[in-house]
Amino acid sequence: MFAELFSTFYQFADVFAFLILSAAGLAIVFGMMGVINMAHGEFIMCGAYVTVGLVHAGVPLPLAQACATIAAGLIGVVVEVLIVRKLYKRPLDTLLATWGLSLIVTQGLLILLGSSIPGIGTPEGSFTVGPYTFSTYRLVLFACAIGVLAAIYVIFMRTRFGVMARATMQNAAMAQALGVKVGGVYAASFGLGAALAGLCGALYAPTMTLIPTMGATFVVESFVTVVVGGANVLLGTAPAGVLLATVRMLLNANYGQIIGQIGMLVAVILIIRVLPEGISGLLVRRGR
Amino acid sequence: MLNRIRGPLGALALAAVAAMAPSGAMAADPIKVGLLEDISGDLALIGLPKLHGSELAVEEINKAGGVLGRPLELIHLDPQGDNARYQEFARRLLNRDKVDVLIGGITSASREAVRPIVDRTKTPYFYTNQYEGGVCDANMISVGAVPEQQFSTLIPWMVEKFGKKVYVIAADYNFGQISAEWNRKLMKDLGGEVVGEEFIPLGVSQFAQTIQNVQKAKPDWLLTINVGAAQDSFFEQAAAAKLNLPMGSSIKIMLGFEHKRFAPPALNNMHATANWFEELDTPEADAFKKRWRAKFPNETYINDMGYNAYVALWLYKNLAEQAKSLKLDDLRKVMATGQACVDAPEGKICVDPKSQHMSHRMRLVSVGPKHEITVDKDYGVIQPYWLGEIGCDLTKKNDKEQYTPTSLPKK
């Protein structure tokens, strides 16, 4: 009995971690800044590739993952300054520009590094509960997902940068009039989003096949989580993750992966039909 | 182009072009070989060796005097793993470029997308992958291995060695579904039991639930016919969860070279039956690998699809020269004699007249804890007998159908 209960929790944690980690970066970039970032998957891939490259060069895995997160963040800042900055008032054009970026990056990497790079193996460690054995690393992923949610909350609610960022997203002109360096805030926010995407890739790198298009596996989940979460990512992302993970886990467990995937997407359609502003929209309305 | 060249200058230019044309046997018009292989997108990993195999064969054949004294000209298009593009590009190659022969396609879905288009023409089509078998179509010549060569060897061996209970993890499209059907039929004949079957949508990369389902069902071994880079993540995740079950497959090792891509021991205890794998070390195979690596030194792995793509062009040369023609009907007359063979690196293999599929020298290979490859059994040459047995006979009639163990020809 305990084994079954634990296994249910473990499966939930696994899906939840995947949804939250893949969505966290996009929650900031798309949810807060309103940039439809089609290159989100490529930031994830960037995190994975840098991690694996560093591990092959002899860097310990956690350090490599930290470096990969920072690298993705820095690239994010560069992308913001060079491309996204010019297109804030043209959301459809950002979609096109970032999509183009995504194509260039995946194809460029294919030409430069070949169709795949060798994996690094998941860190050792497993444990047994009843008839099942579990990988410890998957629980580390769950812990990281919780950590990321907490970090986003602290950064945006408890720091000076967070106040300025929220002010800028709400009304850039007013924030600028009050002395906020809007350009810097945009660049830093986009960089933070990219860094979180990189973190996702870094964390999943040991468990996956490394190919230039690997980011695509995360993209659907990340977008639906953010959309269901709604505009206020601080309120919405976590409950969206819980809700979608529960739906998917239950369907996966009882009817297999196909129904799990279909079911989750049907749930998304229903939720945004009933709650066009996502879960955070509902929470905000209740709060008023 | 030509009608734009006018006046004396144009005439001069034309004369110059004519003077520059090469002389000798190879001066003849090239034979156009249309090639559809994915070298970008999710399947680039396994598709790139197919392009390389074709390029190597074309280079060698042209050096050896071409086909019927004419050089081969490769026209390669990259459908990027998209079936709609496969259809578009197949039409373009057949109708606009008017290729003499069409080769390619990776997934069975792409093959079935292209086949109806080829069937409306008189162009021969070579499909160069191992696949789930059953296509009875006069336009198609299948160069890869089929279930009677792969599953009828592997599954009895797995049952004898590991036990009668199997769990199937398969990609959810025609290849995975029909392969699972083959497994069901063979397990029934062997008195075995399929304790679970899971069909996974392409692109799924997370397998925690699957791993637990497997542990719950307690199989003796796994049949892993999952497809694509995303689904391959299963092996890493299963190893991390200490699933530790023997695995059998018709596409792992020799096709996807997972043992080269994942850190050991993720692929430990994987078994597969193959007509080609790079670790094969006969003198003919070694010579072939040397020629390949001289041209493509950075190849991660020479996989069976790349090898089959190479063999397909030599087979085409033999067929055309025996027929003294490039016409499909003439090539089929040669195949109907049962004497259409090719001296491939695996040995001499021939086209079965009834089904237009190849015989193959099959070996059972196993992966060890350090991802070393051992050959556990040599089955010798196995004929592609199944289609002939169930009533497909292309020398008599063209069914244009794909049959499966539960979908047999109407008597």
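Residues numbered from 1 in each chain as written. Chains lettered and ligands numbered in written order. Predicted model: local features only at pLDDT ≥ 70, side-chain atom pairs only at ≥ 80, totals over all residues. Heavy atoms only, no water.

- The name given to chain A in an unreviewed UniProt entry is Branched-chain amino acid ABC transporter permease, and the organism recorded there is Chelatococcus reniformis.
- In the Subcellular location (unreviewed entry) part of its UniProt record, chain A is described as follows: "Cell membrane". (UniProt positions renumbered as here; feature names shortened; annotations may be inferred.)

## Examining the environment of Asp330(B)
Residue and element names in this part refer to chain B.
Part 1: Here Asp330 is to be found in helix 12 (residues 328-336).
Part 2: Accessibility expressed as a relative area gives 22% for Asp330, which makes it partly exposed.
Part 3: When the C-alpha atoms of Asp330 and Ala320 are compared, they prove to be 8.2 Å apart, with ten residues separating the residues in sequence.
Part 4: With residues near it in sequence (within four places) discarded, Asp330 still touches Ala323 and Ser325. (Helix = DSSP H or I, 4+ residues; strand = E, 2+ residues; numbered from the N terminus. Buried < 20%, exposed > 50% of the residue type's maximum accessible area, 1.4 Å probe, protein only. Contact = heavy atoms within 4.5 Å.)

## So, the domain arrangement of chain B
All names here are of chain B.
Part 1: We note that the domain assignment places domain 1 (27-145 + 280-359 + 383-402) and domain 2 (148-274) within chain B.
Part 2: On a C-alpha basis, the centroid separation for the pair domain 1 and domain 2 is 28 Å.
Part 3: On the domain 2 side, the residues contacting the 25 residues of domain 1 number 21 residues.
Part 4: Contact between domain 1 and domain 2 buries roughly 2,000 Å² in total, counting both sides, with carbon and sulfur atoms accounting for 65%.
Part 5: On the domain 1 side of the interface with domain 2, the three residues burying the most area are Leu45, Glu132 and Tyr301, jointly 30% of the side's total.
Part 6: Counting every contact that joins domain 1 to domain 2 gives zero salt bridges. (Domains from an automatic or database assignment. Buried area = accessible area lost by both parts, 1.4 Å probe. Salt bridge = Lys/Arg side-chain N within 4 Å of Asp/Glu carboxyl O.)

## Comments concerning the sheet that holds strand 10 (residues 247-249) of chain B
Residue and element names in this part refer to chain B.
Part 1: Spatial ordering of the open sheet is given by 8-7-9-10-11-14-15, a layout of seven strands whose pairing is mixed. Each edge of the open sheet is held by one strand with a lone partner, namely strand 8 (193-200) and strand 15 (373-382). Averaged over all neighbouring strand pairs, the angle between strand axes comes to 20°, with direction disregarded.
Part 2: Pairing of strand 7 (residues 165-171) with strand 9 (residues 221-225) involves five bridges; the strand directions are parallel. Looking at the pairing, Val168 lines up with Leu223 of strand 9.
Part 3: Against the sheet, helix 6 (residues 174-189) touches strand 7, strand 8 and strand 9, its axis set at about 180° to strand 8.
Part 4: Relative to the sheet, helix 7 (residues 208-217) contacts strand 7, strand 8 and strand 9, its axis offset from that of strand 7 by approximately 160°. (Pairing = 2+ DSSP bridges. Axes fitted to C-alpha atoms, helices over the stretch in contact; angles between N-to-C directions.)

## Let's talk about the UniProt feature "transmembrane region" (unreviewed entry) in chain A
All names here are of chain A.
Part 1: As recorded in UniProt, the feature "transmembrane region" (unreviewed entry) lies at residues 12-32, 39-57, 63-84, 96-117, 137-157, 178-204, 224-246 and 258-276.
Part 2: Secondary structure across residues 39-57 comprises 89% helix and 0% strand; the distance between its end C-alpha atoms is 27 Å.
Part 3: Counted over residues 96-117, helix gives 82% and strand 0%. Its end C-alpha atoms are 29 Å apart.

## Looking at the state of the cysteines
Part 1: As enumerated under the stated definition, the model contains two disulfides over all chains in all.
Part 2: In this model, Cys136(B) is linked to Cys392(B) through a disulfide, with the two sulfur atoms separated by 2.2 Å. With the S-S bond torsion at 85°, the cross-link from Cys136(B) to Cys392(B) turns out right-handed. One end of the pair, Cys136(B), is in strand 5 (residues 135-136); the other, Cys392(B), is in the loop between helix 13 (386-390) and strand 16 (401-402), with 256 residues separating them in the sequence.
Part 3: A residue is classified by how much of its surface remains accessible, and Cys392(B), at 0% relative accessible area, is buried.
Part 4: Summary of cysteine pairing: Cys46(A) is not part of a disulfide, and the nearest cysteine sulfur, belonging to Cys67(A), is at 12 Å.
Part 5: By relative accessible area, which is 13% here, Cys46(A) ends up buried. (Disulfide = S-S within 2.5 Å.)

## Re the interface of chain B and chain A
Part 1: Across the contact, 36 residues belong to chain B and 39 residues belong to chain A.
Part 2: When the buried surface of chain B facing chain A is broken down by residue, Gln206(B), Gln209(B) and Gln212(B) rank first, second and third, together holding 21% of it.
Part 3: The interface formed by chain B and chain A contains two salt bridges.
Part 4: Lys242(B) is the salt-bridge partner of Glu124(A), the closest N and O atoms lying 3.6 Å from each other.
Part 5: Secondary-structure elements contributing two or more residues to the side of chain B that touches chain A are helix 2 (44-63), strand 8, helix 7, helix 8 (228-240) and helix 9 (258-261) of chain B.
Part 6: Per-element tally for the side of chain B that touches chain A: the top contributor is helix 8 of chain B, with seven residues.
Part 7: Residues that form the side of chain B that touches chain A fall into these classes: 15 nonpolar, eleven polar and ten charged. (Nonpolar A, V, L, I, M, F, W, Y, C, P; charged D, E, K, R; others polar.)

## Quick word on the packing of helix 9 (residues 216-229) of chain A against helix 11 (residues 257-274) of chain A
A pair of packed helices is captured by two measures, namely the crossing angle of their axes and the spacing between those axes.
All names here are of chain A.
Part 1: Two elements in contact, helix 9 and helix 11, have axes separated by 10 Å at closest approach and are oriented at 25°. The pairing of helix 9 with helix 11 is recorded here as roughly parallel in orientation. As helix 9 packs across helix 11, the resulting crossing turns out to be left-handed. The segment helix 9 lies against helix 11, with Val220, Glu221, Val224, Val227 and Val228 engaging Met264, Leu265, Val268, Ile271 and Ile272. (Parallel < 35°, antiparallel > 145°, perpendicular 65-115°, else oblique. Left-handed = near helix turned anticlockwise from the far one by under 90°.)

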